[in-house]
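# Descriptive analysis of the structure
Take a look at the letters that make up each chain.
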Amino acid sequence: MKRFVYLAIALVAVVGFMSCGEPKPYKMVNGTIICHTPERPAGQQDMLQFAAEPLDTVRVGFIGLGSRGKGGPKRWAQIEGTKIVALCDLKQEFLDRAQGYLEAAGRPRAAEYTGSEEAWKELCKRDDIDLVYVATPWASHVEMALYAMECGKHVAVEVPAAFTMEELWQIIDTSERTRKHCMMLENCIYDFFELTALNMAQQGLFGEILHTEGAYIHSLDHSMRRTDRTWRVDHLRKFRGDAYPTHGLGPLCLVLDIHRGDRFKTLVAMDTKAVMGPDIYASAHGEKLDDFQNGDQTTTLIRTENGKVIQLHHNIVTPRPYSRDYALVGTKGYATKYPIQAFRIGNDVPEGVSPTSLRAHPFMSEEERDALLEQYKHPIIKEVGEVAKKVGGHGGMDFIMDYRLVYCLRHGLPLDMDVYDLAEWSCPAALSSISIAHGSAPVAVPDFTRGAWKKIEGYKFAYTK
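Residues numbered from 1 in each chain as written. Predicted model: local features only at pLDDT ≥ 70, side-chain atom pairs only at ≥ 80, totals over all residues. Heavy atoms only, no water.

To continue, consider the overall build of the protein chain. Within the protein chain one finds 15 helices and 16 strands. In terms of overall dimensions, the protein chain is globule-like: its C-alpha atoms have a radius of gyration of 22 Å, near the 23 Å expected for 465 residues. Judged by the C-alpha coordinates and their principal axes, the protein chain covers about 75 × 60 × 50 Å. For the protein chain, with 465 residues in total, the buried portion stands at 57%. (Helix = DSSP H or I, 4+ residues; strand = E, 2+ residues; numbered from the N terminus. Rg over C-alpha atoms; globule rule 2.2 N^0.38 Å. Buried < 20%, exposed > 50% of the residue type's maximum accessible area, 1.4 Å probe, protein only.)

Written as structure tokens, this is what we have:
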């Protein structure tokens, strides 16, 4: 009888994976779902620490100038060593706005591509563009990234990069084969607090980090009820899982040295029932649904190879205040950002910490916290933080993201975020969906580096000597 039950579970797992749109059957071994890891195609090498030939001027083409994409040309116009060659969007008013940013910065007008759903392909074909910057709705990210790399361009693509494992492997294989960067535009790793907390962690202030927390909690109720902006709730109607993991996850992966000495090993996810999601969909479309898929809150747990744990939340439909959680639990200290920026340091205070009274049970005082933030301010913030605040983009972190991308391309350095970061930070969307579909079963996370995750020891930003 037990043998029959186990066989039935295995068959359900295989059928479930096929229904998720994945190309090959998957298996369940000892209660854990095992995802298929394709072999690296012959002749390809990994992209870990890959550095392309330096570019004296980074020539860029922008695809998508609405919502997240509207600030890109404005920021890039303030970065030395760049040339904004081309702009693409279906709406002429967005193109006009971007041209206005260039004019205000004393930059020449860029070539325009519009009038067709395929116009972006002509931009990618140009031989005077080094980088294609993709800030379009989610569904087009993969196609555009793959096409641009095939056209010989580096790619920077908005979050999340992809929603299926098949797509993530396509991006990795194309990047490795073409030897072109494919970076995800995860701005939150450049938030001022997250950068400084990373510096503190890397200098041992919190001891060994054992547990971390991240989230995307952002009440988008009113925005998603708009009849002219339904793409997000339309996606949630069909997708069950964490639909937006990267903002909360990216900064934690830097602290935990993911694929730089550690890697994701196992993931488990569960969700609440859908209450507000169907209500928002009905308001936007005038239609009530009985099969709305996305739960109002999704929780995902990830355990790493080295025994660390990441906790993720996704919730964009209830009235919770905005939060990316961001918490680091270490053997000697603790850091958190929401609802307040706060630290607690244990009794074993590292040498060189100047603030006093760090051993109390409560969080340290605001004065001590501010002194600690100043003392451990990240070098990137020291270098470009004030300029970033003036230029803007989510408080300046968007500008730092673009600045660092240009810096690394111009100096022929590995990017701060590589194609494996893109895959690992995006994969909880696909894997949480699979876990939930199979009763919150654990899912083994594939090794996107195909065995090279120990090749680099510790996360480091690249600088010229």
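Here the narrative resumes.
Another point: the nonpolar core. Across soluble globular proteins, nonpolar side chains have a tendency to be buried as a group. Ranked by size, the top nonpolar core spans 144 residues in total, and within it Trp76, Phe206 and Phe448 carry the most contacts. The leading source of residues in this core is helix α15 (residues 419-437), at 11 residues. When neighbours within four sequence positions are excluded, Phe448 is seen to be in contact with Met165, Leu168, Trp169, Ile172, Tyr420, Ala423, Glu424 and Cys427. (Core = buried A, V, L, I, M, F, W, Y, C linked by side-chain atoms within 4.5 Å. Contact = heavy atoms within 4.5 Å.)

Our focus in this paragraph is the pattern of salt bridges. Following the criterion strictly, the structure yields 29 salt bridges and no others. The closest approach of N and O atoms between Lys389 and Glu386, which form a salt bridge, is 3.6 Å. Of this pair, Lys389 and Glu386 both sit in helix α13 (residues 379-391), 3 residues apart, which is roughly one turn of the helix. By sharing partners, the salt bridges in this structure join Arg40, Asp173, Glu176 and Arg450 into a single network. (Salt bridge = Lys/Arg side-chain N within 4 Å of Asp/Glu carboxyl O.)

Turning next to the packing of aromatic side chains. On inspection of all chains with the given rule, the structure shows 21 aromatic pairs. Pairing Phe163 with Phe239 gives two aromatic rings, centres 5.4 Å apart and planes at 70°, and the pair type is edge-to-face. With Phe163 in the loop between β7 (154-157) and α6 (165-178) and Phe239 in the loop between α9 (231-238) and α10 (246-255), this residue pair connects regions lying 76 residues apart in the sequence. Residue Phe163 is classed as buried on the basis of its relative accessible area of 15%. Ring geometry for Tyr190 against Phe461: centres 6.5 Å apart, planes inclined by 40°, an arrangement best described as tilted. Here Tyr190 is found in the loop between β8 (182-184) and α7 (192-202), whereas its partner Phe461 is found in the segment after β16 (443-444), with 271 residues between them in sequence. As far as the burial class goes, Tyr190 and Phe461 line up, both buried. By way of ring pairs, the aromatic residues Trp138, Phe163, Tyr216, Trp231, Phe239, Tyr244, Tyr322 and Tyr338 are connected into one cluster. The positively charged end of Arg232 is found above the aromatic ring belonging to Tyr244, 4.7 Å away from the centroid. (Phe/Tyr/Trp six-rings, centres within 6.5 Å; stacked < 30°, edge-to-face > 60°. Lys NZ or Arg CZ within 6 Å of the ring centre and 35° of its normal.)

We now examine the sheet that holds strand β9 (residues 209-217). The strand order across the open sheet formed by 10 strands is β1-β2-β16-β10-β11-β12-β9-β13-β14-β15, and the pairing between neighbours is mixed. Unpaired on one side and paired on the other, β1 (27-29) and β15 (342-345) mark the two borders of the sheet. In this structure, strand β13 (residues 327-330) lies alongside strand β14 (residues 333-336), joined through 3 bridges in antiparallel fashion. For Val329, the partnering residue across the bridge sits in β14 and is Tyr334. (Pairing = 2+ DSSP bridges.)

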